[in-house]
Amino acid sequence: AASDVYKRQEAAVTRADKLMYQAKNQKNMVVTESSGIGKDGKAYPLKDRERIKQQVLIVDDSELNREILATMLEEDFYILEATNGEEALLVLQQNPGIALVLLDIVMPGMNGFEVLGDLSRRSNIDNLPVIMISSEDSDDMVLRAYELGASDYINRPFDSRVVRRRVSNTIRLYAKQRRLTSLLSQQYNERVKNSRMLIDIMAGVMELRNGESGRHVTNIEKLTELLLGYLVQRSGTIFLDNEERSTIALASALHDIGKMSIDDAILNKPGRLTPEEFEIMKTHTTIGADMLLELGSHHAGNALMEYAYQIARWHHERWDGKGYPDGLKGDDIPIAAQVVSVADVYDALTSVRVYKDAIPHEEAIQMILDGKCGTFNPLLLDCLLEVQDQIAETLARPADVVAFPTI
């Protein structure tokens, strides 16, 4: 009897393992015991209908509306529910496999537009279709929903056939989009590898000539990507997806390319520069920008070259307009240059140079916050405060060959 119990337990564990394996390979779906797993370990649908259901989240403060929509869709989808915007974001965080969201606009607390805005800032809206639901169908309401990234708009009262068709069509459309994105991502990563190799060579030459540590460029990249990730979450006006943030981080490696034209006696002078020497040193921004502009003329529309140009020319500009070379002020400074500017100042402070010793992390952060290195975007300083405990850990990681997430 004991052996029979053991065999049944072993069979149950084996079957659970197979279900887990199947779940890992079925994105945005819920795998149930009735999915029909054959002896070969593969899943087979039952004849009457598929039991592997994609997850749909219904967000509405009205229990009746949620029940109506759930009844329409429960035969084909696994239904999750949220009663308000805050709960919806929590459910989405806890269930990354959700395939689609049906989102009410008018809700107490955090309304549907605010939920959409939050998802857009986190770039979730790129891969997660959201269909807005409302009894209001004014042009302004519909237009605002689409501007915030909604995939579709459904009016109440609900027509079950329309709801099911739009939900199914939208999920299929996004599935095709993900397959295409995956293909493009592979091609993009191949291009990144080539760009990464060339930029590493150029950055290595620059660091060797500048007398900087071999980690300066790597540190700038990591800090830039870390700050950008928090910046897009906190800002309601800056929208940069994963690829754009990674491209800016890669472009940051060329921020000091213009120093290749600065005389060694100035570049590696152990003491303080004279006013005349400092004026020469400042020209590395425009020299570098001109070099990249010339390179970019052969690659029109290349985002990497465009960001590299912005960063090289303006990473010494300051929020109050007292930077160089152009005295840009506030948001006239491209955001890529703003972020690299903070990253560059922090790493310069905490690194050994021919003219100074390294400053401790806490002191460097405080100097930046106190404006001792020039003024910076207040929102960017908030992000620096938020990530200050992660900086040491981030900079301690070994550099990846390709440190860019998929699209």
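Numbering of residues starts from 1 in each chain and follows the order in which that chain's sequence is written. The model is predicted, so local features are restricted to residues of pLDDT at least 70 and side-chain atom pairs to those at 80 or more, both for listing and for counting; the totals for chains, interfaces and linings are taken over all residues. Hydrogens and water are ignored here; the side-chain numbers use all heavy atoms of the structure.

A few words now on the pairing of strand S2 (residues 53–59). Relative accessibility under 20% of the residue-type maximum defines a buried residue, over 50% an exposed one, and the middle range a partly exposed one, all with a 1.4 Å probe and only protein chains included. Secondary structure counts use DSSP, requiring at least four H or I residues in a row for a helix and at least two E residues in a row for a strand, with both numbered from the N terminus. Along S2, seven of the seven residues are buried, which leaves the element largely enclosed by surrounding structure. Pairing between strands requires that DSSP locate at least two bridges from one strand to the other. Relative to strand S3 (residues 77–82), S2 runs parallel, the two sharing six bridges. Bridging across to S3, glutamine 55 finds its partner in tyrosine 78. For a crossover, the right-handed case is the one in which the path from the first strand over the helix to the second runs clockwise, viewed with the strands pointing away from the viewer. Between the parallel elements S2 and S3, the chain passes through helix H2 (residues 63–73) in a crossover that is right-handed.

When strand S5 (residues 130–134) meets strand S6 (residues 152–155), the two strands line up parallel, connected through four bridges. Residue pairing for S6: isoleucine 133 is matched across the bridge by isoleucine 154.

Exposure above 30% relative accessible area and no salt bridge define the residues that can form patches, which grow by joining like charges within 9 Å and nonpolar side chains of Val, Leu, Ile, Met, Phe, Trp and Tyr within 5 Å. Working definition of accessibility: Shrake-Rupley area with a 1.4 Å probe, residue cover restricted to the visible protein chains. For salt bridges, the criterion is a side-chain nitrogen of Lys or Arg within 4 Å of an Asp or Glu carboxyl oxygen. Note on charges: Lys and Arg go in the positive column, Asp and Glu in the negative column, and His and the chain ends are not counted at all. The location of each charge is read from NZ of Lys, CZ of Arg, CG of Asp or CD of Glu. On the surface, Glu136, Asp137, Asp139 and Asp140 cluster together into a patch of negative charge. By the secondary structure assignment, aspartate 140 is in helix H5 (residues 139–147).

Take the packing of helix H3 (residues 85–94) against helix H4 (residues 112–121) next. At a minimum axis distance of 9 Å, the contact between H3 and H4 shows a crossing angle of 35°. Considering only the axes of H3 and H4, their crossing is right-handed. Residues Gly85, Leu89 and Leu92 of H3 form the contact with H4, whose own contacting residues are Val115, Asp118 and Leu119. Throughout, the ten residues Ala, Val, Leu, Ile, Met, Phe, Trp, Tyr, Cys and Pro are labelled nonpolar, Asp, Glu, Lys and Arg are labelled charged, and all others, Gly among them, are labelled polar. Residues that form the contact of H3 with H4 fall into these classes: four nonpolar, one polar and one charged. Here an angle of 0 to 180 degrees is reported between the N-to-C directions of two axes, which are lines fitted to C-alpha atoms, with helices fitted over the stretch in contact. Left-handed is the label given to a crossing in which the near helix is rotated counterclockwise from the far helix by less than a right angle, and right-handed is the label when the rotation is clockwise. The contact criterion used throughout is that any non-hydrogen atoms of two residues lie within 4.5 Å.

On the surface, Arg165, Arg172, Lys176 and Arg179 cluster together into a patch of positive charge. Within the secondary structure, lysine 176 sits in helix H6 (residues 160–210). Overall, lysine 176 belongs to the exposed group, its relative accessible area being 54%.

Only Phe, Tyr and Trp rings are paired, with Trp represented by its six-membered ring, and only when their centres lie within 6.5 Å; those with planes under 30 degrees apart are stacked, over 60 edge-to-face, the remainder tilted. Under the defined criterion, the tally for this structure stands at two aromatic pairs. Between phenylalanine 278 and tyrosine 324, the aromatic rings sit 6.0 Å apart at their centres with planes inclined by 85°, giving edge-to-face as the arrangement. Of the two residues, phenylalanine 278 sits in helix H10 (residues 275–282) while tyrosine 324 sits in the loop between helix H12 (303–314) and helix H13 (335–350), which places them 46 residues apart along the sequence. Ring geometry for tyrosine 309 and tryptophan 314: centres 5.8 Å apart, planes at 90°, overall edge-to-face.

For the rest of this paragraph, the subject is the confidence of the model for the protein chain. Low pLDDT marks regions whose predicted coordinates should not be analysed in detail. Averaged over every residue, the pLDDT of the protein chain is 81; the share at 70 or more is 74%. Values of pLDDT, the confidence the predictor places in each residue, fall between 0 and 100. When mean pLDDT is taken per element in the protein chain, H13 scores highest with 95 and helix H1 (residues 2–24) scores lowest with 51. Note on residues 21–28: pLDDT is under 50 here. Beyond four places in sequence and across chains, it has 15 contacts.

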